[in-house]
Amino acid sequence: MSPNEPRGPRSPVGDSRIRTDVAHNARVWNHWLGGKDNYPVDRAVGDRVTDLYPSIGEVARADRAFLGRVVTFLTAEAGIRQFLDIGTGLPTAQNTHEVAQRVAPESRVVYVDNDPIVLTHARALLTSSARGRTEYIDADAHDPAVIVGALRPTLDPDRPIAVIMLGILNFVLDTEKARSVVRTLMNAVPSGSYLVITHPTLELGGEGNAEAMAFWNENATPPITARTGAEIASFLDGLELLEPGLVSCSRWRPEPAADGSLPPVVAQYGAVARKP
């Protein structure tokens, strides 16, 4: 195998949750970002989704860039030092703790995922600065009470926490259930905390993604749903929405190009909101 060929993820031995014959979101997302921690089935499904919706790679990259800008803002300007990152995915460059600890080395991050391969990679690769701390929780976003119960001792629920949910509520198919997940998490953190979300949509030029999502739901796991801007905005009820509001994640406080132009819109909403 050459250094440039996909190697497949590290797999914990004997974990029955691991399926190498069914594409999985974390590994397909890794493929779209140019990573090598994926299996042939992930690449096949990911490439077919790209055929059906060619801009999916742009969505993945824009989502990752949004994370970097938001975490930089939260540490450098909002003074946040605690992060709860739900739906970690396979580690790539510029992970939450790397961005936060570059600005504030004492930052603490709890990563949450329920995929054993993700957790294996996270524990091997997501190492903290000497002054900060990282921890990894094996939990499902559908069960936020478990997540809340595992925050201590890494995070102090009496101090502001940034709750990061990038591309995760779209796997909670029932919208009222997704609202309940958000409410449970935000009720558990104090005033001055933040909620950060991204979510796919068939708006913002994403109409062509409908066929790709249908293909995904027939051939990969976990199943996914798109939502309207109004539905996604309902996750932010009771919070103070920061400027520029609910927008394409590529247009949330981007760095303009040298010619002053803004990055292209992608069909992925992004927002940051503060708990009053």
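Residues numbered from 1 in each chain as written. Predicted model: local features only at pLDDT ≥ 70, side-chain atom pairs only at ≥ 80, totals over all residues. Heavy atoms only, no water.

**Focus: the nonpolar core**
With 78 residues, the main nonpolar core has Leu 84, Ile 86, Val 163 and Met 165 as its most contacted residues. Looking at which element gives the most residues to this core, the answer is helix α3 (residues 56–76), with ten residues. Not counting residues within four places of it along the chain, the set of residues in contact with Met 165 comprises Ile 86, Val 181, Val 182, Leu 185, Leu 195, Val 196, Ile 197 and Thr 198. (Core = buried A, V, L, I, M, F, W, Y, C linked by side-chain atoms within 4.5 Å. Buried < 20%, exposed > 50% of the residue type's maximum accessible area, 1.4 Å probe, protein only. Helix = DSSP H or I, 4+ residues; strand = E, 2+ residues; numbered from the N terminus. Contact = heavy atoms within 4.5 Å.)

**Some words on the packing of aromatic side chains**
The full count for this structure, using the stated rule, is four aromatic pairs. Arranged with centres 5.9 Å apart and planes meeting at 80°, the rings of Phe 66 and Trp 252 form a pair that is edge-to-face. Here Phe 66, found in helix α3, pairs with Trp 252, found in the loop between β9 (247–248) and β10 (268–274); they are 186 residues apart in sequence, far enough to count as distant. When sorted by exposure, Phe 66 lands in the same class as Trp 252, which is buried. Seen in terms of ring centroids, Phe 73 and Trp 252 are 6.0 Å apart; in terms of plane orientation they differ by 70°. Their pairing is edge-to-face. With Phe 73 in helix α3 and Trp 252 in the loop between β9 and β10, this pair connects stretches of sequence that are 179 residues apart. On the basis of relative accessibility, which here comes to 11%, the residue Phe 73 falls in the buried class. Chaining the aromatic ring pairs together yields one cluster made of Phe 66, Phe 73 and Trp 252. The lysine or arginine in question, Arg 253, covers the ring of Phe 73, its NZ or CZ lying 4.7 Å from the ring centre. (Phe/Tyr/Trp six-rings, centres within 6.5 Å; stacked < 30°, edge-to-face > 60°. Lys NZ or Arg CZ within 6 Å of the ring centre and 35° of its normal.)

**Observations concerning unusual backbone geometry**
Residue Pro 153 is bonded to the preceding Arg 152 through a cis peptide linkage, with omega at 5°. Here Pro 153 lies in the loop between α6 (144–149) and β5 (162–166). With an omega dihedral of -10°, the bond running from Thr 221 to Pro 222 counts as a cis peptide bond. In this model, Leu 204 sits at a positive phi of 55°, which is unusual for a non-glycine residue. Within the secondary structure, Leu 204 is located in the loop between β6 (194–200) and α8 (209–219).

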